[in-house]
Amino acid sequence: MHPTPDPNERLTLPEQVHLLTRVMPEERARARIEKAFRLKEIIYQPDFAFYYHDARIDWTTGLALLSRGSRKPFMPTPNDGGIRRHFMPSD
């Protein structure tokens, strides 16, 4: 049994993948998280006005780098509740 995370906890992209591996294979979880991030299906902080579709994601550290705007890597995080509502509504 998995402990219930705090719904306000900020999860990095790799932590989001780990959460989804409870209900699906890791490769599928990573693809779903990547799509949600790139298409802004979930509000991530920081929330830049630029497109995320061509962002480079480091799946080890959770850092992302956009091709436009700030050239500094950033760590996108939604709150845990956003991930759960989007991917695991019955959880």
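Visitor: Break down the side chain of Thr12 for me, with residues and values.
Guide: Take Thr12: it is sitting in the segment before α1 (13–20). A residue is classified by how much of its surface remains accessible, and Thr12, at 14% relative accessible area, is buried. If sequence neighbours within four positions are ignored, Thr12 has contacts with Met75, Pro76 and Thr77.

Visitor: Any chance you could break down the environment of Ala31 for me, citing the residues and the numbers?
Guide: For Ala31, the position within the fold is in helix α2 (residues 26–38). Each C-alpha atom, one on Ala31 and one on Val17, is 8.8 Å from the other, the two residues being 14 residues apart in sequence.

Visitor: Help me get a handle on the environment of Tyr51, residues and values and all.
Guide: Within the secondary structure, Tyr51 sits in the loop between α2 and β1 (56–57). Owing to a relative accessible area of 57%, Tyr51 belongs among the exposed residues under this scheme. C-alpha separation for the pair Tyr51 and Leu66, spaced 15 residues apart in sequence, amounts to 8.0 Å. Setting aside its immediate chain neighbours within four residues, Tyr51 contacts Leu66 and Arg68.

Visitor: Break down the packing of α1 against α2 for me, with residues and values.
Guide: Contact geometry of α1 with α2 gives a least axis separation of 8 Å together with a crossing angle of 130°. When the axes of α1 and α2 are compared, the pair comes out oblique. For the pair α1 and α2, the sense of crossing is right-handed. Of α2, the residues touching α1 (which contributes Leu13, Gln16, Val17 and Leu20) are Glu26, Ala29, Arg30, Arg32, Ile33 and Phe37. Residues belonging to the contact of α1 with α2 are distributed by class as follows: six nonpolar, one polar and three charged.

Visitor: Before we move on, can you summarise the nonpolar core with the specific residues and values?
Guide: With 22 residues, the main nonpolar core has Leu13, Leu20, Ile33, Phe37, Tyr44, Ile83 and Phe87 as its most contacted residues. Beyond its immediate stretch of four places on either side in the chain, Tyr44 contacts Leu13, Gln16, Ile33, Ala36, Phe37, Pro76, Thr77, Pro78 and Ile83.

Criteria and cut-off values
- Residues numbered from 1 in each chain as written.
- Predicted model: local features only at pLDDT ≥ 70, side-chain atom pairs only at ≥ 80, totals over all residues.
- Heavy atoms only, no water.
- Helix = DSSP H or I, 4+ residues; strand = E, 2+ residues; numbered from the N terminus.
- Buried < 20%, exposed > 50% of the residue type's maximum accessible area, 1.4 Å probe, protein only.
- Contact = heavy atoms within 4.5 Å.
- Axes fitted to C-alpha atoms, helices over the stretch in contact; angles between N-to-C directions.
- Parallel < 35°, antiparallel > 145°, perpendicular 65-115°, else oblique.
- Left-handed = near helix turned anticlockwise from the far one by under 90°.
- Nonpolar A, V, L, I, M, F, W, Y, C, P; charged D, E, K, R; others polar.
- Core = buried A, V, L, I, M, F, W, Y, C linked by side-chain atoms within 4.5 Å.

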